[in-house]
Amino acid sequence: MENEQKKTNCYIIDPSAWGLRTDGTDALKTTDGLNQAIAYAKNAGYPEVFIPKGTYLIQGVGTAYPTSPEKGAGIHVPSHMKLALDHEAELKVEPNSSKGYSCIYLRKVENVTISGGIITGDLDQHDFSKLPKSSQEWGLGIYVHGGKNIVIENMKIRKCTGDCILLGPVGLLGVDPDYDKPEKVSIRNCSLDGARRNNISITGGEGVFVENNEITNAGAVKGTKPWAGIDIEGYGEGDIDYEEPRKVVVRGNVFRGNAESSILSFNGYEVIIDGNHADNTISYGNGTDTVISNNVLLRTDNARVAIAGQKVSNGLDGNNVTIVGNSIKGFSSGIDARGKDVVVTGNTISHLGNTSGTGIGVWDAENVLVADNAVHRSQGLAYKVDNSKDVQLLNNKAYQSDRYGMEVDKSQEVVLRGNVFSRCKGGIQITNRGTGTQVLAEGNHIDCTGYTGQSTYTISFDKSSDVAIKSNYIRGARNIAIYGASAAGRSVKITDNEIADSTGVTAAIQLDGGERGEIAGNRITFNRTADGGYGIVLLNTVDALVAQNSIGSRSNFALSGSIVTEKSQSTKVVNNLAFKGSMKLNTQTDLNTGNTVI
């Protein structure tokens, strides 16, 4: 009966009974005493041990593993036990010069909870001079080394020379027969601050939940990168994984002041990053099956990229990343999508303060969908596709950008459809600074009337691009609405666009060079305050088709020319309607049939 009663009770450690100092002195005796008291409680059948308030100096440098002094060190908590600390109980690592230490070390334990209190590393007093060639990055607050069903909650952990918390496996996957990874680990409601490397590192594990923590100032004192609030980074060589972080959920946390990134999922599998507040980068790195959703990312200095990626992990065919519903403000760039199989949808990005920045960029990527996003009030590009293949940008909005709404460079199989641009310097720019670019721009709405600065071309492309510019609506262009240069072997089709109320002094559509370009079915109107302007102008083209376009002026002022092909060869000008503007054709080589000039 007495034993049954004990199993329902918490064992409260009496410092005097175990020879513990509560004034932050005598580390060896205090550490041994705490471990002895915890072992006694375990043997006596207590499920919980309580450490009262006080400062307990911990000898965190282990000797069991000479090359890894963080292993086997510090305080040990056995399986099936809760270690609770008074909120004024501090476990303080004794200052040392070792490359590694652990304040609390858990090896292959099960059903363990550590709750409350403070862990303080020795960062402020660590002697780095004794090992000048060592990174000294293994000073740990809590080291979860394998194990299962572990909870770390309501703690304050700070000032470690490595990580506040490290989750890592015992051994190497596929190599060591006793390989054991942390499983079902929860880190919740903690304050994790000022680690020299990362506040949390997850090098291996499965089923890890990091929720409702305050994670701050990792890397503020510079150590070994990545200086992340959370680093999800396994170990492998080539396409072989020796440590795998899998099924990690990072939800509801607050990140502030972490030097390099808030969250880096360098090569995590099945990672969910949801509902966090952050002031620095969240990155899926080379991660696979990642969701980054509903996070609020806010800066005030217009620096850094809010959400980023790198590439596909070795041996895999894609990232399978979804970036959805995030709110981003005040960074240099918003979302940098890389790799393969990426969806970016429903995000809001604003107030990017760098002209070289981008709202949403697709770089070195394949099979990417960017849909239903909004980028507004930003100095840089709203959207960019660079060196990528099979990319669709659908139904996105750009409002008030000091550059183009969208830019596509050296990319293949790009579709721009249903996007809306207003108050931007330009609409769509298509270039080719590498291999050929292929773009379909269809059904986009570009309103130039609200932009007050020096405007540029509304849609433009260069001579090395294959383009189909179809069914777009362009309103109030003050410069050339659609401008392109082309060359032999390139395909240019400009069809069924509506260019309304142009006010500029130049052309609505101008094509320079190329063979067999097609300009057909476009409806062009000007609303000028003086005579001048041109509808369609061809320069140095050969065998182009200009058919079934309507060009005219809505005001009382006439155009200088509706269709101008004088400097081109063998243009087929067929069934066009022109009012308040004559056609100026190459009478020696052009076909002129079915046209009406009013």
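Summary of the structure given here. Owing to the predicted nature of the structure, the values given are computational and were not obtained by experimental measurement.

A count of helical and extended segments in the chain gives two helices and 63 strands. For 598 residues, the compact-globule estimate of 2.2 N^0.38 gives 25 Å, and the C-alpha radius of gyration of the chain, at 32 Å, exceeds that figure by more than 25%. Principal-axis analysis of the C-alpha atoms gives the chain an extent of 110 × 50 × 45 Å. Taking all 598 residues of the chain together, 55% fall into the buried category. Within the chain, contacts between residues separated by at least 24 positions form 65% of all contacts whose residues are at least 6 apart in sequence. Looking at the chain as shown, the accessible area adds up to about 22900 Å², and 46% of this sits on carbon and sulfur atoms. Here the chain contributes 59 positively and 66 negatively charged side chains, and the mean placements of these two sets differ by 5 Å.

Looking now at the packing of aromatic side chains. The full count for this structure, using the stated rule, is six aromatic pairs. Ring plane angle 50° and centroid distance 5.3 Å describe the contact between Y11 and Y46, whose orientation is recorded as tilted. Of this pair, Y11 sits in strand 1 (residues 10-12) while Y46 sits in the loop between helix 2 (27-43) and strand 2 (48-51); the two residues are 35 residues apart in sequence, bridging distant segments of the chain. Take Y11: its relative accessible area is 15%, and that puts it in the buried class. With a centroid separation of 4.7 Å and 25° between ring planes, the pair formed by Y457 and Y483 is classed as stacked.

Let's shift gears to unusual backbone geometry. We note that N217 has phi near 65°; this positive angle belongs to a residue other than glycine. Within the element layout of this structure, N217 appears in the loop between strand 18 (214-216) and strand 19 (228-232). Of note, the phi angle at Q400 is positive, near 60°, even though the residue is not glycine. With respect to the element layout, Q400 can be found in strand 39 (residues 397-401). The exposure class of Q400 is partly exposed, given its relative accessible area of 31%.

This next bit is on empty space enclosed by the protein. Under the definition given, this model contains one cavity of 30 Å³ or more. Roughly 100 Å³ of internal volume is contained in the largest cavity. Along the walls of the largest cavity sit 16 residues, with C424, K425, C448, S455 and T458 positioned nearest its centre. Breaking the lining of the largest cavity down by element, the ones donating at least two residues are strand 43 (426-431) and strand 45 (445-447).

It is worth spelling out the pairing of strand 10 (residues 138-145) at this point. Within strand 10, seven of the eight residues are buried, which leaves the element mostly enclosed by the surrounding structure. Examined bridge by bridge, strand 7 (residues 100-107) and strand 10 share seven bridges and lie parallel to one another. Looking at the pairing, S102 lines up with L140 of strand 10. Taken together, the five bridges between strand 10 and strand 13 (residues 163-168) define a ladder with parallel strand orientation. Among the inter-strand pairings, L140 is bridged to a residue of strand 13, identified as D163.

Taken as a whole, the largest pocket holds about 420 Å³ of empty space. In terms of lining, the largest pocket is formed by 29 residues, of which the most central are W138, Y143, L166, T203 and E243. Mapped onto the lining of the largest pocket, the elements with two or more residues apiece are strand 10 and strand 13. Ranked by residue count, the leading element in the lining of the largest pocket is strand 10, at three residues.

Counting buried positions along strand 6 (residues 89-93) yields four of five residues, so the element is predominantly enclosed. Relative to strand 6, strand 3 (residues 54-58) is paired through five bridges, and the arrangement is parallel. Its bridge partner lying in strand 6, I58 is registered against V93.

We now examine the side chain of E407. Inspection of the secondary structure puts E407 in strand 40 (residues 404-409). When sequence neighbours within four positions are dropped, the list of residues in contact with E407 reads L381, Y383, K384, V385, Q429 and R433.

Take the nonpolar core next. Among the nonpolar cores identified, the biggest contains 125 residues, and I104, I142, I165, I187 and I230 are the most heavily contacted of them. Sort the elements by how many residues they give to this core and strand 35 (residues 358-371) lands first, with five residues. Dropping the residues within four chain positions of it, I187 is found in contact with I152, I165, L167, L192, I200, F209, V210, E211 and N213.

Scanning the entire structure with this criterion turns up 32 salt bridges. Between E407 and K384 there is a salt bridge, and its shortest N-O distance comes to 2.3 Å. Linking E407 in strand 40 with K384 in strand 37 (residues 381-386), this pair joins segments that are 23 residues apart in sequence. Per residue, the accessibility class of E407 equals that of K384, and both read buried. Taken together, the salt bridges that share partners define one network made up of K181, E206, E244, R246, K247 and E270.

Another point: helix 2. Each turn of an α-helix holds 3.6 residues, which means side chains three or four residues apart point in the same direction. With 17 residues, helix 2 should reach 24 Å at 1.5 Å per residue; the first-to-last C-alpha distance of 24 Å fits that figure. Burial in helix 2 covers these residues: A27, T30, T31, G33, L34, N35, A37, I38 and A41. Residues of helix 2 that are buried in the fold lie against strand 1, strand 2, strand 3, strand 4 (75-76), strand 5 (81-85) and strand 6. One or two positions beyond helix 2, positive phi appears at G45, with a value near 90°.

Let us now look at the environment of I292. Relative to the assigned elements, I292 resides in strand 28 (residues 288-293). Taking the C-alpha atoms as reference points, I292 and N276, separated by 16 residues in sequence, lie 9.7 Å from one another. Apart from the residues within four sequence positions on either side, I292 is in contact with I273, I282, Y284, I307, T322, I323, V324 and N326.

Turning next to the state of the cysteines. Overall, the coordinates contain zero disulfides when judged by the stated rule. You can see C10 has no disulfide; the closest cysteine sulfur is in C190, sitting 18 Å from it. For C190, a relative accessible area of 3% corresponds to the buried category.

What counts and what doesn't
- Residues numbered from 1 in each chain as written.
- Predicted model: local features only at pLDDT ≥ 70, side-chain atom pairs only at ≥ 80, totals over all residues.
- Heavy atoms only, no water.
- Helix = DSSP H or I, 4+ residues; strand = E, 2+ residues; numbered from the N terminus.
- Rg over C-alpha atoms; globule rule 2.2 N^0.38 Å.
- Buried < 20%, exposed > 50% of the residue type's maximum accessible area, 1.4 Å probe, protein only.
- Contact = heavy atoms within 4.5 Å.
- Areas by Shrake-Rupley, 256 points an atom, 1.4 Å probe, with all protein chains shown as cover.
- Lys, Arg positive; Asp, Glu negative; His and termini not counted.
- Charge placed at Lys NZ, Arg CZ, Asp CG, Glu CD.
- Phe/Tyr/Trp six-rings, centres within 6.5 Å; stacked < 30°, edge-to-face > 60°.
- 1 Å grid on protein atoms, 1.4 Å probe; cavity = no way out; pocket = protein on both sides within 12 Å on 5 of 7 lines; lining within 4 Å.
- Points joined across faces, edges and corners; volume = space filled by probe spheres on them.
- Pairing = 2+ DSSP bridges.
- Core = buried A, V, L, I, M, F, W, Y, C linked by side-chain atoms within 4.5 Å.
- Salt bridge = Lys/Arg side-chain N within 4 Å of Asp/Glu carboxyl O.
- Expected span 1.5 Å × (residues − 1).
- Disulfide = S-S within 2.5 Å.

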